[in-house]
Amino acid sequence: MHSAQPKEEVAAPGRRRFLGVLLGGGLFVSAVSFFYPVLRYLVPPRITDMGGDTVVAGKVGELRPNSGKIFRFGSRPGLLLLGADGQYRALSATCTHLSCTVQYRSDLREVWCACHNGMYDLSGRNLSGPPPRPLEQYDVHVRGDEIIVSRRREA
Amino acid sequence: MWRNKNLGMVLVLAIASALAQAEQPNSCVDCHSALEGELHVTQEQFAQDIHGQKGLTCASCHGGDPSRTDDSAMSKAAGFKGKVDRAAVPKLCGSCHSDPGFMRQYNPSLRTDQLSQYQTSVHGKRQAAGDTKVAVCTDCHGVHDLRPATDTRSKVHPLNIAATCSRCHADSKYMAAYKIPTDQYAAYKTSVHHQAMVERGDLSAPTCTTCHGNHGATPPGVASVANVCSTCHVFQAQLFESSPHKAAFASAGLPGCVTCHSNHGISQPSDAMLGTSAKSVCTNCHTQGDAGYQAAGDMQQQIHGLETSITRSDVILSRAESSGMEVSQARLELDQARDALTKARVSVHTFAGKPVLTDVDSGLKITAKTYSQGQAALRERDYRRTGLGMALVAIVFVMVALRLYTKEIEKNGSR
Amino acid sequence: MAPLVRVRNWLDERFGWDELLAPLRHKTVPIHRYSYWYFLGGITLFLFGVQVCTGILLLLYYRPSANEAFESVQYIMTQVQFGWLVRSVHSWAANLMIFTAFLHMFSVLFLRAYRKPRELTWVSGMLLLFLAMGFGFSGYLLPWNTLAFFATKVGTDIAGQVPFVGHRLMVFLRGGDEVTGATLSRFFGFHVAVLPGLITLLISIHLLLVQRFGISVPARMEPEWRALPQQKREMRFFPNFLLRELMAWYIALGVLGALAAFSPWGLGTKADPFAPAPAGIKPEWYFLFMFQTLKLIPAKLGMLDGEVVGILTFSLAGLIWLLVPFLDGTKRTQRLVTGAAMFVVAYMGAMTAYGYVAK
């Protein structure tokens, strides 16, 4: 009994230091597991476009006159048109009939839905076929060589 | 008789009386607003009438003299005609409405061929032959509270037309002598066209007059009903025209479109209509062994395959979404696969396997991509959970180390 | 000499570091069967620290305009590396913090730790609780999704019912007559500038007071321990209590990580001011008991408007709660306070549960 105590007292600081190192090491590793995501977070992602109510739909020169292209606008497709008159227009590309994706027909100079032959004019007004409502119109601005399309919405 | 000074005077009087009702006597409504039943006409009612608003009065159609307050208002001398005979109604309305020169002063863009159209219709022909039960102008348009067709309260507004026609055509007792069905309205109310109009508010959806005509109302014949449908359903009609069914139906005396889709109770077409099961419309004519039976089976299988594939992608994307992954790009692409499915269902009207297969294949390419995108999202989710697991291991390790260390430093009661 | 010791000496020569830290070394924590409740304050503080850190990180990518707010949060969730983690931790820690704040408050109440001399600690703590709920209310709107939009509309409508100043208050909160992008800007300003400033001040006061007065001893043990000091069991704050507190913090971290990975905070759909309100809009759980109560009050109580009565009652209750240390003098009032507190806990729990299941 009496001899056990000094041994315990001698072993104690060693054990304490060992546990201290263990604790310190654990704290360090857990800290790394917290800081690693934070450091990765601070690096800006490659894709800088956040979507939203404004999007870069294309670049000047990408479209020939009297043609159109589909672009992604948030979670729905949009249609960017360059008319023969040189003016850019942008419409929602979701047909108001049964939500097929519309396209531009350069031969007819109208917007056409291939599903049930719905026709819209360049301002999105439904002209013939099943669509009951016009296509939503978007605002188009050219900034430098980028074509910016934005939703017409109040802040 | 009307296009002379008398009319002019009556107009001035009518306008003046309309503007100053309290002062100008209108003995017609003074009495008739108190009478019951058919004879009950009030000023409020007539003020809503389009003719009343344009300045016509009771005397314009019925003759008589509204300024006289006794029975002489209804005298022959005053030109009183009394109740206009049903047989005489079309001619009476037509006396103004078929005169472009006259109607121009009210609304130059109104058509003036209603009477001539009516005379070509079943109603008009029977009426000319002496049938008084058939519809005349006032039966559909109303009489003393007649509103323009664009007014939602009008009996001939698109939303109300079917109900107006059904007043006679759904009444089996009234229609007994004519030996035609009276279930059209009931069937129409179950149809997808009715749903489009009433539920989705699409006023361009067809109602009775869209296919049968309004003034020239006649059922389209077996040979021509497909032309009527093709006014809106262009693609399906075009494909049908070049399909084997066109000649086959014509020789069997069967109407296009209606044979499979019915005429009044047109319900939302389903994939169950296609194929070789007992419920399909194909097996009404086709039997095992013939080419059509084979084609029906092929088309149904392909479309079903695409639909299943779309559902599979949808399910995996939903799983990814509910685990907190963002898959909106994949969802957008899956919509295009749904477009392909819609197109495939139109291609069915070629009644051949290959065109349907083309559409289905383009859809399957997309669903393959979206499915793998869904799998990628789930893999990312698992990666995150693994990362969490490792962090938790570190955390638990620290907690254990804390416990041991705390116990150690407090071993000698040094709290 | 070990480098750490040299740094300490350097600081001590200039700032009297040892002298400054001395009170901390002597700080003790009483040990008794309710000692576990003492951790709650520290956990709440830790969660607040988590909020500040994740909040600052979110600030690097969030855009506070009606046109871009939703998309920027979506961007954080999907494009930014570990953005999903930062955002989910922020949302979950917010709720956890308010929960632990409530627990901390109730434990102090039931243990009557607000007794003299700690009355102002209680008052500052109650103000901190109100600020935390303000953080919750303002932060909830920032993703600009449908639920948040309508919850804010309903919440500010209720504020507008306060007599006399209600309308002005509502316009002040909304930045206009309706909830618009102006409201979002304003709430953002409250959430990242105004409230943090106020709460930093109050936390400093609260912690200073706690330091000054030490940790309170429960009432029943106080006379006993004063009479027989050797019976008093206590623990050194540094390092013993702190090590245990660290354990609690790590548990909280583990819980937060698990929640972020297994139950990530959803985003919903972007707010559309012109769309009708979805059915069953309710506020976050910490407001739910009040909201549900207001729903149950009949429209008219005699001559008075039911909702106004409800709002005034809650305001009065809040005020009384704030002043509890000053009202709790005699044994009778003490029993009253304990009884009322138990009723309040039961009421809040029942109403919150009811609010969840009610349509």
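Residues numbered from 1 in each chain as written. Chains lettered and ligands numbered in written order. Predicted model: local features only at pLDDT ≥ 70, side-chain atom pairs only at ≥ 80, totals over all residues. Heavy atoms only, no water.

Peer 1: How would you summarise a nonpolar patch on the surface if you had to cite specific residues and measurements?
Peer 2: Residues and elements named next belong to chain C. On the surface, a nonpolar cluster with roughly 670 Å² of combined accessible area is contributed by Leu120, Leu316, Leu319, Ile320, Leu323, Phe326 and Leu327. Among the elements of the structure, α13 (306-322) and α14 (324-327) are those that each provide at least two residues to the nonpolar patch. Residue contributions to the nonpolar patch peak at 3 residues, all from α13. Counting through the fold element by element, isoleucine 320 comes out in helix α13. (Patch = residues over 30% accessible without salt bridge, like charges linked within 9 Å, V, L, I, M, F, W, Y side chains within 5 Å. Areas by Shrake-Rupley, 256 points an atom, 1.4 Å probe, with all protein chains shown as cover. Salt bridge = Lys/Arg side-chain N within 4 Å of Asp/Glu carboxyl O. Helix = DSSP H or I, 4+ residues; strand = E, 2+ residues; numbered from the N terminus.)

Peer 1: Account for helix α7 (residues 146-159) of chain C, naming residues and giving values.
Peer 2: Residue and element names in this part refer to chain C. Over its 14 residues, α7 extends 20 Å from the first C-alpha to the last, a length consistent with the 20 Å expected when each residue adds 1.5 Å. Thr146, Ala148, Phe149, Phe150, Ala151, Thr152, Thr156, Ile158 and Ala159 are the residues of α7 that are buried. Each element contacted by the buried residues of α7 is listed here: α6 (119-141), α8 (166-174), α9 (181-213), α12 (285-296) and α13. (Expected span 1.5 Å × (residues − 1). Buried < 20%, exposed > 50% of the residue type's maximum accessible area, 1.4 Å probe, protein only. Contact = heavy atoms within 4.5 Å.)

Peer 1: How would you sum up α8 of chain C? Please name residues and give values.
Peer 2: Residues and elements named next belong to chain C. Turning to α8, its buried residues are Gly166, Met170, Leu173 and Arg174. One face of α8 carries all of its buried residues, which in axial projection span an arc of 90°. Buried-residue contacts for α8 involve α7 and α9. Positive backbone phi, at 70°, marks glycine 175, one or two positions downstream of α8. (Arc of directions from axis to C-beta.)

Peer 1: Give me the lowdown on the pattern of salt bridges, citing residues and values where you can.
Peer 2: In this structure the tally under the stated criterion is 25 salt bridges over all chains. Between lysine 246 of chain B and glutamate 241 of chain B there is a salt bridge, with its nearest N and O atoms 3.6 Å apart. Judged by its relative accessible area of 45%, glutamate 241 of chain B falls in the partly exposed class. Residue arginine 381 of chain B pairs with aspartate 382 of chain B through a salt bridge whose shortest N-O separation is 3.3 Å. Note on arginine 381 of chain B: relative accessible area 16%, which makes it buried. Taking relative accessible area as the criterion, aspartate 382 of chain B reaches 37% and is therefore assigned partly exposed. Because the salt bridges share partners, they merge into one network encompassing Arg76 of chain A together with Asp314, Glu321, Arg331, Asp335 and Arg338 of chain B.

Peer 1: So, the environment of arginine 64 of chain A: which residues are in play, and what are the values?
Peer 2: All names here are of chain A. Tracing the backbone through its elements, the reader meets arginine 64 in the loop between β1 (54-59) and β2 (67-73). Residue classification places arginine 64 among the exposed positions, given a relative accessible area of 64%. Spatially, the C-alpha atom of arginine 64 lies 7.0 Å from that of leucine 82, the residues being 18 residues apart in sequence.

Peer 1: So what about the interface of chain C and chain B? Which residues, and what values?
Peer 2: At the interface, 23 residues of chain C touch 18 residues of chain B. Between chain C and chain B, the buried area comes to about 1900 Å², and carbon and sulfur atoms account for 68% of it. Looking at the side of chain C facing chain B, the largest losses of area belong to Leu243, Met247 and Tyr250 of chain C, adding up to 28% of the total buried there. Here chain C is connected to chain B by 1 salt bridge. At the junction of chain C with chain B, the criterion picks out 2 residue pairs in polar contact (both at pLDDT 80 or more). Of all the secondary structure elements, the ones that give two or more residues to the side of chain C that touches chain B are α4 (69-78), β2 (234-236) and α11 (237-262) of chain C. In terms of residue count, the dominant contributor to the side of chain C that touches chain B is α11 of chain C (14 residues). When the residues that make up the side of chain C that touches chain B are grouped by side-chain class, the tally is 15 nonpolar, 5 polar and 3 charged. (Buried area = accessible area lost by both parts, 1.4 Å probe. Polar contact = N/O pair within 3.5 Å; in protein donor to acceptor, adjacent residues only side chain to side chain. Nonpolar A, V, L, I, M, F, W, Y, C, P; charged D, E, K, R; others polar.)

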